[in-house]
Amino acid sequence: MIARLLAQIGRPVLAVLAAFGRVTLFGADTLRHMVTPPFYGREFAIALLQIGWFSLPVVGLTAFFTGGALALQIYSGGARFSAEAVVPQIVAIGMARELGPVLGGLMVAARVASSIAAEIGTMKVTEQIDALVTLSTHPMKYLTVPRVLAATLAVPLLVAVGDSIGISGGWLVGITKLGFNSATYLKNTTDFLEFWDVGSGLVKGAVFGFIVALMGCYFGMNSGRGAQGVGAATKAAVVAASVMILAANYVLTGMFFTS
Amino acid sequence: MITLSGVHKSFGPNRVLRGVDLTIAKGQSMVIIGGSGTGKSVLLKCVLGLVKPDAGTITLEGQDVTRGDRDAFLARFGMLFQGGALFDSLRVWENVAFRLLRGPAAMPKDQARAVAIEKLRRVGLKPSVADLFPGELSGGMQKRVGLARAIAANPEVIFFDEPTTGLDPIMSGVINALIREIVVEMGSTAMTITHDMSSVRAIADQVAMLHDGVIRWSGPVGEMDAAPDPYLQQFIHGRATGPIEGVR
């Protein structure tokens, strides 16, 4: 009875640990291929465009509405202890440190991890990955490295743009609905925002970008057969990337802001 | 010459290859026949190193295929995949010239494109096809592009995986004739896996039948019809009854 119960607990724990080990090895393999030639510049440029440029609208809109909603929340919450004036500072710090990178990362995870997993998974089930091998081209170098590198570089830029748009959203709500003076709002934002508030968000963005592309590639490369296999790989990539972003965010926040 | 000795491969409890012994002479066209799920594709992928055998040895010109420079080894091969396996994101000519554009002996783009167009012409496709994407082609045209890609770098050995699957009889005949012409013209060693008997008769110099994970019969195509093996006879005549169990 107890042995069976332990087995029932142990089996999924072992499965999760094994999966974590496989992902870690995949990540290490990706890093190893990143620093050894050949490099596929064209594939990197395409991935940069797909992951970075085409994610701008969704990240921008998310940041804009989040910045606006944050301003409203801080204003109404702050009113309870006469702290309505801190809206610009808290919006700026909240967007730069936390909401910009986390929401940006999650939006990119939804958009990019799914598309990478679906694309590579389809390539696997239609034997395109095997074809790459027979054409003396390593799939890790040709498919994984360009995407992971592009996401690691592009997501911090998206976060930076998202921070700016989010703060602008807060500013717009502040001056149109909350009665703030525009110049004062902007002065408070710039005076209280420190370099590391923004820098830490960009570092988080790079880590989240790495996670998103790695999960997309890992689940795509390990996709099961047929449409069902590709569908399952796509879903798993988005779920894993999202959970790992939130977990990594907690770890990084602890590292950056607790002494 | 390609030699397989005692090649075993299992996937979990499923023992697909149980000791395959086979020799393909240089310049010969070997066709491997057998029912669906008998491990023909696995055998082919073992030779290419896409699947690692559990036991046994595979040599090309006496050299173990699992040792030595892998890129140099693969450069000697061309392969036509069952579904074409063309890269959707690349234009037709870029698919054909894929190997020519990469690696230490990469050609300039213009030269690679010219070679690709020449190979497309060789398989009966017009130069105007070169700038299309694979998704814009019919199944037969995709097979031809796959064939052009397989021969683009003039390989010593060409593998054909179910080259006529999904094609109408006329297009199948065209592809079979093209394969035969190209293999003879290039003097390449060819290994084809199929269960299409019209392909066997059109392409093969030698035939080997894979059944229950071993080579059940092998010999010249001309001796196939008169061979006394009941498994072979049931397969080539497509009989529902016989020693090979059908699933109803």
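Our subject is the structure listed above.
In this text, all values refer to a predicted model and were calculated from it rather than measured experimentally. For every chain, the first residue of its written sequence is number 1, and the numbers climb from 1 along that sequence. A letter from A marks each chain and a number from 1 marks each ligand, given out in the order of writing. Per-residue local features of the predicted model are confined to residues with pLDDT of at least 70, and side-chain atom pairs are confined, for both listing and counting, to 80 or more; whole-chain, interface and lining totals are unaffected and use all residues. The side-chain values count all of the structure's non-hydrogen atoms but skip hydrogen atoms and water molecules.

S.K.: Report on unusual backbone geometry, specifying residues and quantitative values.
M.R.: At the junction of Pro 37 of chain A and Pro 38 of chain A, the peptide bond is cis and its omega measures out at 0° in the coordinates. In this structure, Glu 61 of chain B takes a positive phi of about 50° despite not being glycine. With respect to the element layout, Glu 61 of chain B can be found in the loop between strand E4 (55-60) and strand E5 (63-64). Note on conventions: DSSP H or I runs of at least 4 residues are helices, E runs of at least 2 residues are strands, and numbering of each starts at the N terminus.

S.K.: With reference to specific residues and values, describe the interface of chain B and chain A.
M.R.: Many analyses report the size of an interface as the accessible area lost when the parts associate. For this analysis, residues touch if any pair of their heavy atoms sits within 4.5 Å. Every contact between the two is made by 21 residues of chain B and, on the other side, 16 residues of chain A. When two components associate, each loses some accessible surface as probed by a 1.4 Å sphere; the sum of these losses over both components is called the buried area. Each partner contributes to the roughly 1,600 Å² buried at the junction of chain B and chain A, and carbon and sulfur atoms together form 58% of this total. Throughout this description, the term salt bridge denotes a Lys or Arg side-chain nitrogen within 4 Å of a carboxyl oxygen of Asp or Glu. Counting across the interface, chain B meets chain A through three salt bridges. Between Lys 45 of chain B and Glu 127 of chain A there is a salt bridge whose closest N-O contact spans 3.2 Å. Polar contacts, as used here, are pairs of N or O atoms within 3.5 Å; protein pairs need one atom able to donate a hydrogen and one able to accept it. Residues neighboring in sequence count only if both atoms are side-chain atoms. The interface formed by chain B and chain A holds five residue pairs in polar contact (both at pLDDT 80 or more) in total. Elements represented by at least two residues in the side of chain B that touches chain A include exactly helix H1 (40-48) and helix H2 (70-74) of chain B.

S.K.: Lay out the packing of aromatic side chains with the relevant residues and their values.
M.R.: Residue and element names in this part refer to chain A. For this analysis, a ring pair means two rings from Phe, Tyr or Trp (six-membered ring only for Trp) whose centres lie within 6.5 Å, classed as stacked if their planes differ by under 30 degrees, edge-to-face if by over 60, and tilted for the remaining angles. Enumeration according to the criterion identifies twelve aromatic pairs over all chains in this entry. Seen in terms of ring centroids, Tyr 40 and Tyr 142 are 5.2 Å apart; in terms of plane orientation they differ by 80°. Their pairing is edge-to-face. In this pair, Tyr 40 sits in the loop between helix H1 (2-34) and helix H2 (41-51) while Tyr 142 sits in helix H6 (residues 139-176), placing the two residues 102 residues apart along the sequence. Residues Tyr 40 and Tyr 142 agree in their burial class; the two are buried. Aromatic pair Trp 196 and Phe 256: ring centres 5.1 Å apart, planes at 80°, arrangement edge-to-face. Of the two residues, Trp 196 is situated in helix H8 (residues 195-221) and Phe 256 in helix H9 (residues 226-257); the sequence distance between them amounts to 60 residues. A 1.4 Å probe rolled over the protein chains alone gives each residue an accessible area, and that area as a share of the maximum for its type sets the label: buried under 20%, exposed over 50%, partly exposed in between. For Trp 196, a relative accessible area of 35% puts it in the partly exposed group.

Fair warning: the whole summary comes from geometry, so function is off the table for now.
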